[in-house]
Amino acid sequence: MEAEDARAPLDVEALRVALEPMRLGHPLIYLPVVGSTNTHAAGLARQGAPDGTLVITDEQPEGRGRIGRTWRSLPRGQVLLSLVLRPRFAPHLLVMVGALAVIDAVEAAAGTRAAIKWPNDVLVGGRKVSGILIETATDERGEPFAIVGIGLNVNGTLRADAELADLATTLADALGHPVEREAVVVRLVTAFDALYGRLQAGGELGSREVWERWRARLSTLGTRVRIAQRERVVEGIAEGVDVDGSLLVRGADGLVTPVTWGDVS
Ligand code: BTN
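Below or above, wherever it landed, is the structure these notes cover.

**Focus: the pairing of strand β3 (residues 78–85)**
With 8 of its 8 residues buried, β3 lies for the most part within the structure. What you see with β3 is no split at all: Gln78, Leu80, Ser82 and Val84 on one side and Val79, Leu81, Leu83 and Leu85 on the other are buried throughout. As defined by bridge partners, strand β2 (residues 54–59) adjoins β3 across 4 bridges and the pair is classed as antiparallel. Paired with Ile56 across the two strands is Leu81, which belongs to β3.

**Overview of the sheet that holds strand β11 (residues 256–259)**
The strand order β11-β10-β9-β8-β12 describes an open sheet built from 5 strands, whose pairing is antiparallel. Edge positions in the sheet fall to β11 and β12 (263–264), since each has one partner strand and no second. Here strand β8 (residues 224–228) pairs with strand β9 (residues 233–241) via 5 bridges, running antiparallel. Along β9, the bridge assignment pairs Arg224 with Ile237.

**Some thoughts on the site of the ligand**
Ser36, Gln60, Arg64, Arg66 and Lys128 are the nearest of the 20 residues found near the ligand. In the model, a nitrogen atom of the ligand is placed 2.7 Å from a nitrogen or oxygen of the Arg64 main chain. Out of a free accessible area of 410 Å², the ligand has 98% covered by protein chains. In this structure the site holding the ligand corresponds to the largest pocket. Elements with a contribution of two residues or more to the shell around the ligand: α2 (37–46), β3, β6 (127–138) and β7 (144–153). For the shell around the ligand, the leading source of residues is β6, giving 4 residues. Class assignment of the residues belonging to the shell around the ligand gives a composition of 6 nonpolar, 10 polar and 4 charged.

**Details of the environment of Val84**
Looking at the element boundaries, Val84 is found in strand β3. Separated by 39 residues in sequence, Val84 and Ala45 place their C-alpha atoms 6.4 Å apart. With residues near it in sequence (within four places) discarded, Val84 still touches Ala41, Ala45, Ala49, Pro50, Asp51, Gly52, Thr53, Ala146 and Ile147.

**Details of the side chain of Gln229**
Mapped onto the fold, Gln229 is located in the loop between β8 and β9. Beyond its immediate stretch of four places on either side in the chain, Gln229 contacts Val259, Trp261 and Gly262.

**A word on the sheet that holds strand β4 (residues 115–117)**
Spatially, β1-β2-β3-β7-β6-β5-β4 is the arrangement adopted by the 7 strands of the open sheet, whose pairing is mixed. Two strands close off the open sheet at either side, each with one partner strand: β1 (28–33) and β4. Averaged over all pairs of adjacent strands, the angle between their axes in this sheet comes to 20°, without regard to strand direction. Docked against the sheet, helix α1 (residues 12–19) engages β1 and β2, running at close to 160° with respect to β1. Where helix α5 (residues 181–200) meets the sheet, its contacts fall on β2, β3 and β7, and the angle it forms with β3 comes to roughly 25°.

**Let's talk about the nonpolar core**
Among the nonpolar cores identified, the biggest contains 63 residues, and Leu152, Phe192 and Trp214 are the most heavily contacted of them. The element that contributes the greatest number of residues to this core is helix α3 (residues 92–110), accounting for 12 residues. Apart from residues no more than four positions distant in its own chain, Leu152 is found in contact with Trp71, Gln78, Val79, Val102, Val106, Val129, Ser130, Val184 and Leu188. Judged by nonpolar contacts, the second largest core, of 7 residues, contains Ala42, Val84, Phe145 and Ile147.

**A word on the pattern of salt bridges**
Scanning the entire structure with this criterion turns up 18 salt bridges. Asp139 is the salt-bridge partner of Arg86, the closest N and O atoms lying 3.0 Å from each other. You can see Arg86 sitting in the loop between β3 and α3 and its partner Asp139 sitting in the loop between β6 and β7, a full 53 residues away along the chain. This pair shows no difference in class: Arg86 is buried, exactly as Asp139 is. If you follow the salt bridges from partner to partner, you end up with Arg72, Asp161 and Glu163 in one network.

**Details of the packing of aromatic side chains**
Within the structure shown, the criterion is met by 2 aromatic pairs. Geometrically, the ring pair formed by Phe89 and Tyr196 is edge-to-face, given 5.6 Å between the ring centres and 70° between the ring planes. Here Phe89 is found in the loop between β3 and α3, whereas its partner Tyr196 is found in helix α5, with 107 residues between them in sequence. Given the relative accessible area of 13%, Phe89 is considered buried. Ring geometry for Phe192 against Tyr196: centres 6.2 Å apart, planes inclined by 40°, an arrangement best described as tilted. Of this pair, Phe192 and Tyr196 both sit in helix α5, 4 residues apart, which is roughly one turn of the helix. With a relative accessible area of 0%, Phe192 lands in the buried category. An aromatic cluster is defined as three or more aromatic residues linked by ring pairs; in this entry it consists of Phe89, Phe192 and Tyr196.

The rules behind the values
Residues numbered from 1 in each chain as written. Predicted model: local features only at pLDDT ≥ 70, side-chain atom pairs only at ≥ 80, totals over all residues. Heavy atoms only, no water. Buried < 20%, exposed > 50% of the residue type's maximum accessible area, 1.4 Å probe, protein only. Helix = DSSP H or I, 4+ residues; strand = E, 2+ residues; numbered from the N terminus. Pairing = 2+ DSSP bridges. Near = heavy atom within 4 Å. Polar contact = N/O pair within 3.5 Å; in protein donor to acceptor, adjacent residues only side chain to side chain. Areas by Shrake-Rupley, 256 points an atom, 1.4 Å probe, with all protein chains shown as cover. 1 Å grid on protein atoms, 1.4 Å probe; cavity = no way out; pocket = protein on both sides within 12 Å on 5 of 7 lines; lining within 4 Å. Sits in = over half its atoms within 2 Å of the grid points. Nonpolar A, V, L, I, M, F, W, Y, C, P; charged D, E, K, R; others polar. Contact = heavy atoms within 4.5 Å. Axes fitted to C-alpha atoms, helices over the stretch in contact; angles between N-to-C directions. Core = buried A, V, L, I, M, F, W, Y, C linked by side-chain atoms within 4.5 Å. Salt bridge = Lys/Arg side-chain N within 4 Å of Asp/Glu carboxyl O. Phe/Tyr/Trp six-rings, centres within 6.5 Å; stacked < 30°, edge-to-face > 60°.

Take a look at the structure:
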């Protein structure tokens, strides 16, 4: 793969070749622009798209985030993809697999250390570079499926963005040079594929290992957190995580509250 021109579209043929040996990534559906890869992938999944279908784009004007948020588009600067999955294991493990795969891609393809902010934001230098949106539903035959949507800020800059500059960054901003998006995609899908295959094979060992690896990369543990949910806020020290991915928060009253979702600050 050639070094990337930061404004060039993805080299889809190079992706096809590199992903050929993978279980995931087939069929590979590239759309130069699509409202949301998650919405598109969910439509395909409802009609029976197979496990491993990959939808990837260069521009996503209606990108969706967790908790009803929007996901900002940096045209031809991000990795924006969704996988159609038909997991035979508990969906909470996908949160961990997604975050670990992004960490692996950032560290291997960009050569910089990354951490996970519970549950699955990936941070570089304390700023968010990636978010993951996981949605589950049932297809027309009544079969369950999951969509794992991953957005990763690779090239372009957020430095002049008044709203995001303190909170988010791109790999290019963090490193001072552009990064080849194809290399990031290939590493990300490869890492996801390995963990997913392990979990699909079943057994307690695989899920325990995924949980331990995810827990080891959580920068949230041991810190003071404020988790906003719709009707309530949980505040305290993030003491640990349960095997189901819940964050265990010890409040000022000494009691530990398990939190399954929310926005951490
Ligand atoms: C978050 O941090 O709130 C999750 C953001 C997830 C964004 C990705 S980009 C690809 C996929 N398609 C979407 O519409 N959203 C996800």
